[in-house]
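# Tertiary structure, described
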Amino acid sequence: MIVRRSVRITGTVQGVGFRPFVHREASELGLVGTVRNDSDGVLVDVSGDECAVACFEERLATRPPPLARVLSVRSTPVSPPAEFSFDGGFVIVTSDGSAAPNAAVSVDAATCDACVAEILDPADRRHRYPFTNCTNCGPRYTIVRSVPYDRAATTMAGFAMCPPCRSEYDDPTDRRFHAQPNACPDCGPSLRWSGDVVGGEALTHAVDALRSGAVVAIKGLGGFHLAVDATDERAVATLRQRKSRDDKPFAVMVADLDVAATMCHLDGDAVAALSSSVRPVVLAPRRNGCAVADGVAPGLPDLGLMLPYTPLHHLLAREVDRPLVLTSGNVSDEPIAHLDDDATARLAPLVDGVLGHDRPIHIRCDDSVVRATGVRTQVLRRSRGYAPQPIPLPVSSTAHVLAVGAEMKSTVSVAKEGLVVASHHIGDLEHLANYEAFLQAVEHLADLHGVVPEVVACDLHPEYLSTKFAHDLSLPIVEVQHHHAHVAACMVEHGETGPVVALAFDGLGYGTDGTIWGGEVLVADLVGFERAAHLRPVAMPGGVAAIREPWRMAAVWAGGAAVGDVVDGSVVEAVLGVAASAHAPMTTSVGRLFDAVGALLCGRTHITYEGQAAIELEALARSAQLPSPGLEGTVAFVDGVLDPTPLVHALVRDRDAGVDRGALAAGFHAELGRGAADAASRVAVSSGIDTVVLTGGVFQNVVLTEVIESALLERGHRVLVHEQLTPNDGSISIGQAAVAAARSQ
Ligand code: ZN
Ligand code: ZN
Ligand code: FE
């Protein structure tokens, strides 16, 4: 029987080769009709044998092209024409340009195998051409200036396609049909070495420089990287010194999975993450004798590895033939450079050469970071390759929402019609250039997704620049408590509306009582929350100084004598005096507790990057075979207060008695985790809720997460942990958007 149907496909289905895919499948099944892009995605009109049409519809949903993200396939019957014929065949109708911004812009995707094969083939016209791409791969988000997504709206607008490229672009059966950034050596962008050497020769110069130990700036997909030979101790040291970066680990790019496997222990998840089209930095345990310089990740058991994700990276990795440090092109914590003039000016003093090119980057986008924990793969920074992939919200609301995030690890989000779209990683807003990037991101994201904000969601913290920005918009405001936003983000990830019990363990977040929270047990749904319990509040002497100098928190938790041998006694006395005064800020932060114990057990009295003491403490715990005995029952939970003071004192006692510090660090994780799980479980039982959410930056700690998760599972609770959305402040804007959507339902 002949039937005819109208099929609507929504999601990320434009600019990803979806129409050629539909054309191929329909033709193969002997169907006739049309396929077109429109404002809502892709629309198919299909006629033919009933069984073939059913098979066709199934293929649309189950085997879309690699970069497509199908959200829905809806089919409605249309009355077939009186006389059916196969004469017209199946036709791709080119868009009329009216595609309004409802169809998602695709993410930047790693070079596909077919394109890699071309650049490595001396007989191919794209041999060694660093800007090769097709509908299955290449730049998207970083080059899009506006929508609808076509070449004129990208930073490729200034390059006119040559006849061979144009015919690929126009051929519905070609891999480059409507590949907007399509280019070749004759018509596309070209490399530059330090301004004057152009093309393949520029690449050769950069390769030679890297092989001889130079520091080279390389313009990538979302910004400039600084690169050195990762096996060259002197080159790595030079990079650290020029970048003013003391200890923070560097990521390393290697040519392929085989090389990666010689450097780190990789399980199936790690391999999948490394070779995915996102191509994030993957943190994995390094092998003994791993061939990188000690200065790459000093003292840490994990190494951040990444595979090449642009043709330029593939060529460099092969031709240099050594692992390369690839770190963001900036000084210290400034934003990554992405504009040519800015990069040349800022990076020139740091490097021995610049490998640039003339394809502009519109939106700077840092590399994403995931951690392969052995239990799960957890996204720590959701940026290049993830942004701007829409995420379904567990609530539908008609309101258009703008959510401006927190202050550190800033992202912004927009939401409408049951979807939220988060920006790339923007960074810490206190840097002026980052704040400017924040303003650009707000405008760009709203434009790309056709969001005209009716509600703005922000943090409760009155001093955050994002909060101030939100209040200046003269729109209705939804203020979302920081940890409620963390919990909401985890609920979004798992499609939950609550209520849930949540452990929100974090660095800092402004509480409803004006103190600094970060060790909360909340009972929450998307609309609101109650604070059911919390860590024992302590003073944070010196405010931000207490973050930079973990010994201060150690003195508060353990007493002055415990830090007396590493910090001058009179300084300790003075700081404890400040702590005892009525003006000292109070905090329940678990992040600061980790700092304290990191200072006590690792001697990390001062930090050079965020979270350093806690990261080193976790590493120390992982080095132990077993947790130290004799610490059991030292974390009390009484009247809604979780108090690890006896645990901290026991750690100091055993440390001074010469007990192995690794075992003590493991014991700290085990006992704190047991106490926290007990607190959450008791709150869950008394409130009749079985689901427990683990969220906040502290849950980047794999050891602690494992202890708490297994203790809660043992007690029969359901546990929700972050995987795709980071547990740190990068997810705050997503949580804020969900709360605002839930409240405006
Ligand atoms: Zn490709
Ligand atoms: Zn060309
Ligand atoms: Fe936070």
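See the structure shown above.
Residues numbered from 1 in each chain as written. Chains lettered and ligands numbered in written order. Predicted model: local features only at pLDDT ≥ 70, side-chain atom pairs only at ≥ 80, totals over all residues. Heavy atoms only, no water.

Turning to the coordination of the zinc ion (ligand 2), a few remarks are in order. Note on the zinc ion (ligand 2): its protein donors are Cys162 (SG), Cys165 (SG), Cys184 (SG) and Cys187 (SG). The metal-donor distances range over 2.2 to 2.3 Å. The coordination sphere of the zinc ion (ligand 2) comprises four donor atoms, whose angles at the metal cover 105 to 116°; the geometry is tetrahedral. The motif formed by the donor residues of the zinc ion (ligand 2), counted along the single chain, is C-x2-C-x18-C-x2-C. Judged by relative accessible area, which is 12%, Cys162 ranks as buried. According to the relative accessible area criterion, Cys165 is buried, its value standing at 0%. (Donors = N, O, S within 2.8 Å, 3.2 Å for Na, K, Ca; no water. Tetrahedral: all angles 85-135°; square planar, octahedral: opposite > 155°, others 65-115°. Buried < 20%, exposed > 50% of the residue type's maximum accessible area, 1.4 Å probe, protein only.)

So, on to the pairing of strand β2 (residues 32-38). Across the seven residues that make up β2, a large majority, five, are buried. Pairing between β2 and strand β3 (residues 41-49): seven bridges, direction antiparallel. Looking across to β3, one finds that Val32 is bridged to Ser47. The loop that links β2 with its antiparallel partner β3 comprises two residues. Of the strand pairs in this sheet, β2 and strand β5 (residues 90-93) are connected by four bridges, and their pairing is parallel. Within the sheet, the bridge partner assigned to Arg36 lies in β5 and is Val93. (Helix = DSSP H or I, 4+ residues; strand = E, 2+ residues; numbered from the N terminus. Pairing = 2+ DSSP bridges.)

Quick look at the environment of Asp643 now. Position of Asp643 among the secondary structure elements: in strand β29 (residues 641-643). Through-space distance from the C-alpha of Asp643 to that of Leu694 is 19 Å; in sequence the pair is 51 residues apart. Residues in contact with Asp643, not counting those within four places in the same chain, are Arg536, Trp557, Thr634, Val635 and Ala636. Engagement of the side chain of Asp643 in a polar contact is seen with the side chain of Thr645, the distance being 2.4 Å. (Contact = heavy atoms within 4.5 Å. Polar contact = N/O pair within 3.5 Å; in protein donor to acceptor, adjacent residues only side chain to side chain.)

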